[in-house]
Amino acid sequence: MGMTMSEKILAKHAGLERVEAGQLVTCKLDMVLANDITAPPSIKIFESIGRPVFDNEKIALVPDHFQPAKDIKSAELAKIVRDFAVKHKIVHYFEQGRVGIEHVILPEQGIVAPGMLTIGADSHTCTYGAVNGFATGVGSTDLGAAMATGEAWFKVPQAIKVELTGKKPAGISGKDVILTLIGQIGVDGALYKSLEFAGEGVKSLTMTDRLTISNMAIEAGGKAGIFPYDEITAEYVKDRVKKPFEPVAADDDAVYCQVVKIDLSTLKPVVAFPHLPGNTKRVEDIKEPIAIQQVIIGSCTNGRLEDLQIAAEVFKGHKVADGVRCIVIPGSPAVYKEAMKLGYIDTFIDADCAVSTPTCGPCLGGYMGIMAAGEKCVSTTNRNFRGRMGHVDSEVYLAGPHVAAASAILGRIATAEEVQ
């Protein structure tokens, strides 16, 4: 009996020849991640253990949620992280000016790689499955212990095989793929399971698509969302990852608890209505116009250069509608710089968008886009729970960059085709 990609990575890091779903294993970790919200309690746990960090090159600290500091409490949280990083000589610490959104930075900087086992005190750590690694979110207690021991325990998850066929059409992005999947299986459809993507359709997905899809595996309850290693992965990691790595592939006779099939060629732009990512509708099926007051383009889900390119192409020659505010947030300094070079930032500013320094900001209702009661927002972020982006009586509609940019122009939920 063969193993899935997830099982192979966990077996290797547990020092075992094979593992099976449901088995409890203790694994050595390749990377441990925390941010300005989750690192301080993790540091408190770490300090209670009374040991040095297990490896100062295998810890990443990225103060991205409330930074640049929005208030005194945020500044104090950042100081705890900063002091810890300096004391323990943490190599992958990102200070202001270098910092971006953690799940944009780590793949971009080659800190995560194929075959790696990564945990992070942030639920969207599963993003790194896009580069053929097993990555998952944990609590701050587990992370604090991991910083001291370099180990964590896992229950080997069952795997759902997501078989992708066909070719992704123009105007469709990874956000439409993952929202379609969540709409099919539900927000608990992959609870404590790994989503493993396979099939000929995978090759039509860019790395940006894959990062978006893996990022939102958690929105279906997934423990991880992992893609196979192929030519696109190899090209992406070639000039980024400086350390040796071992890609993994699922065995032909690997055991899956479920197989879900998606024909990419049939996909249409999708929006997730309040207040769950699984509450999806095709834009073409929306019967009544839905007026909006805000659009957010960015986040760890859709803040990469390709996302900004898509939005800029829609905005070219257009303005944000009266009564609508649009905030664009590049995911990292590198994304920001390249977007400036390519003229995307000029396009956004000319369209009357506000362009922010890299930050998670509005995604979690932190700052830079908090909504008042009764307001509606189309957002390229990953969650639309009640009160997620402000007042409990505000509403968030999740969409890809095509739909988000078009909606900002029209002042209502729209497809990109409406502004061509």
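The shown structure was predicted, so the numbers you read here are calculated from the model rather than taken from an experiment. (Residues numbered from 1 in each chain as written. Predicted model: local features only at pLDDT ≥ 70, side-chain atom pairs only at ≥ 80, totals over all residues. Heavy atoms only, no water.)

### Quick notes on helix α7 (residues 207-215)
For α7, the buried fraction is high: 9 of the 9 residues fall into the buried class. The set of residues buried in α7 consists of M207, T208, D209, R210, L211, T212, I213, S214 and N215. (Buried < 20%, exposed > 50% of the residue type's maximum accessible area, 1.4 Å probe, protein only. Helix = DSSP H or I, 4+ residues; strand = E, 2+ residues; numbered from the N terminus.)

### Quick look at the domain arrangement of the protein
The domain boundaries assigned to the protein delineate domain 1 (5-244 + 253-264) and domain 2 (268-418). Taking the mean C-alpha position of each, domain 1 and domain 2 sit 24 Å from one another. Residue-level contacts link 38 residues of domain 1 with 39 residues of domain 2. If you sort the residues of domain 1 by the area they bury against domain 2, I101, K175 and L179 come out on top, with a joint share of 20%. Inspection of the region where domain 1 meets domain 2 yields 23 residue pairs in polar contact (both at pLDDT 80 or more). Secondary-structure elements contributing two or more residues to the side of domain 1 that touches domain 2 are α4 (102-108), α6 (174-185) and α7. (Domains from an automatic or database assignment. Contact = heavy atoms within 4.5 Å. Buried area = accessible area lost by both parts, 1.4 Å probe. Polar contact = N/O pair within 3.5 Å; in protein donor to acceptor, adjacent residues only side chain to side chain.)

### Things to note about the environment of A408
Its place among the elements puts A408 in helix α13 (residues 401-410). Residues A408 and C326, spaced 82 residues apart in sequence, show a C-alpha to C-alpha distance of 6.4 Å. Each residue touching A408, except ones within four places of it in the same chain, is listed here: I292, V295, F315, V320, A321, V324 and C326.

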